[in-house]
Amino acid sequence: MTEPGSHEFTVVSSRDVHIGRVVGMRIDEVAMPGGGTARREVVEHLGAVGIAAVDEQERVTLVHQYRHPVGRRLWELPAGLLDQDGEDPLDSARRELAEEAGLAARRWETLVDVAASPGFTDEVIRIFLARDLSAVDRDVHGEEEADLVIRRFPLTEAVRMVLAGEIVNGATVGGLLAAHAVLTGAAPARPADAPWRDRPVAFAARRR
């Protein structure tokens, strides 16, 4: 037995179970510290970006949209998949902010990277802070985006909603709390082009 924290969890074998449009699922056999192996089910994801767009009155834009796995509409930050091959995450964020919220921003910073549920998926979402906002034409794609309700909340009210359990989307929770921390001076944001160590790559490589 190796010292705790020193074992290398290498993949002994891997088998694809499902390859879909947005996610894939594989089963890995992983070498364990005791000398055996353990089966790990892994959901591969394209990754995504989200945007905490905060205006001069410190109001943040949220969208209310239906999420089928939980069976109801949720308040969330504008967000979208990294589904354009080779597109920079910041460019993806600019595109999603325009498409979902009808906004453009002149100032961008990186807030947080949120691993959605690292026990079974490699999905990680990068949340940007967008400021110096202006309105642009909203380019609606499909029936789902046409159903979005867009509303601005005072950032402090959005934080209250998080702590009251009224906002439950993980990336939105992390992004709102991080935006509040940055704007109150508790911590600095990172540059918009900050390195992204945990950006998902496996599923995007399959698509290429």
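Quick caveat, the model's predicted, so the values are computed rather than measured. (Residues numbered from 1 in each chain as written. Predicted model: local features only at pLDDT ≥ 70, side-chain atom pairs only at ≥ 80, totals over all residues. Heavy atoms only, no water.)

Participant: Is there a simple way to think about unusual backbone geometry in this case?
Facilitator: For residues besides glycine, phi is generally negative; the peptide bonds are generally trans as well. Phi at Glu 58 is positive, roughly 55°, even though this residue is not glycine. Among the secondary structure elements, Glu 58 is positioned in the loop between strand E4 (48-53) and strand E5 (59-67). Given the relative accessible area of 39%, Glu 58 is considered partly exposed. We note that Asp 132 has phi near 55°; this positive angle belongs to a residue other than glycine. Tracing the backbone through its elements, the reader meets Asp 132 in strand E9 (residues 124-135). We classify Asp 132 as partly exposed; its relative accessible area is 34%. (Helix = DSSP H or I, 4+ residues; strand = E, 2+ residues; numbered from the N terminus. Buried < 20%, exposed > 50% of the residue type's maximum accessible area, 1.4 Å probe, protein only.)

Participant: Please explain the side chain of Glu 123 as it appears in this structure.
Facilitator: Here Glu 123 shows up in the loop between strand E8 (103-115) and E9. Here Glu 123 sits buried without a salt bridge, and the closest side chain of opposite charge, Arg 67, lies 8.4 Å off (N-O distance). If we skip the residues at most four places from it in the chain, Glu 123 touches His 45, Val 114, Ala 115, Ala 116 and Pro 200. (Lys, Arg positive; Asp, Glu negative; His and termini not counted. Salt bridge = Lys/Arg side-chain N within 4 Å of Asp/Glu carboxyl O. Contact = heavy atoms within 4.5 Å.)

Participant: Is there a simple way to think about the domain arrangement of the protein in this case?
Facilitator: A common way to state how big an interface is: give the accessible area lost once the parts meet. Under the domain assignment used here, the protein contains domain 1 (10-44) and domain 2 (47-196). Put simply, the middle of domain 1 and the middle of domain 2, counted by C-alpha atoms, are 30 Å apart. Counting residues at the interface gives five residues for domain 1, matched by four residues for domain 2. Buried area between domain 1 and domain 2, both sides added, is near 370 Å², and the carbon and sulfur share of it is 54%. Joining domain 1 to domain 2, the criterion identifies zero salt bridges. Joining domain 1 to domain 2, the criterion identifies three residue pairs in polar contact (both at pLDDT 80 or more). Taken together, the residues of the side of domain 1 that touches domain 2 sort by class into three nonpolar, no polar and two charged. (Domains from an automatic or database assignment. Buried area = accessible area lost by both parts, 1.4 Å probe. Polar contact = N/O pair within 3.5 Å; in protein donor to acceptor, adjacent residues only side chain to side chain. Nonpolar A, V, L, I, M, F, W, Y, C, P; charged D, E, K, R; others polar.)

Participant: Where do I start with the sheet that holds strand E6 (residues 72-76) in this structure?
Facilitator: Remark on secondary structure: sheet strands pair via backbone hydrogen bonds, oriented parallel or antiparallel. Here we have three strands laid out as an open sheet, ordered E6-E5-E10, and antiparallel in their pairing. One side of each edge strand has no neighbouring strand; the edge strands of this open sheet are E6 and strand E10 (149-154). On average, each strand axis in the sheet is inclined to that of its neighbour by 30°, with strand direction left out of account. Here E5 runs beside E10; their pairing, made up of six bridges, is antiparallel. Among the inter-strand pairings, Leu 62 is bridged to a residue of E10, identified as Arg 151. Most of the contacts of helix H3 (residues 155-163) go to E10, to which it runs at about 105°, and overall it touches E5, E6 and E10. (Pairing = 2+ DSSP bridges. Axes fitted to C-alpha atoms, helices over the stretch in contact; angles between N-to-C directions.)

Participant: Please clarify how the packing of aromatic side chains should be interpreted in this entry.
Facilitator: The geometry of an aromatic ring pair comes down to the distance between the two centres and the angle between the two planes. As enumerated under the stated definition, the model contains two aromatic pairs in all. For the pair Trp 75 and Phe 153, a centre-to-centre distance of 4.9 Å together with 85° between the ring planes defines the contact as edge-to-face. Note that Trp 75 is positioned in strand E6 and Phe 153 in strand E10, a separation of 78 residues in sequence. Phe 153 carries the same exposure label as Trp 75, and that label is buried. A centroid spacing of 6.1 Å and a plane angle of 80° characterise the contact between Trp 108 and Phe 128, whose relative ring orientation is edge-to-face. One end of the pair, Trp 108, is in strand E8; the other, Phe 128, is in strand E9, and 20 residues separate them in sequence. Among the residues examined, Trp 108 registers a relative accessible area of 10% and is labelled buried. Its relative accessible area of 0% is what places Phe 128 among the buried residues. (Phe/Tyr/Trp six-rings, centres within 6.5 Å; stacked < 30°, edge-to-face > 60°.)

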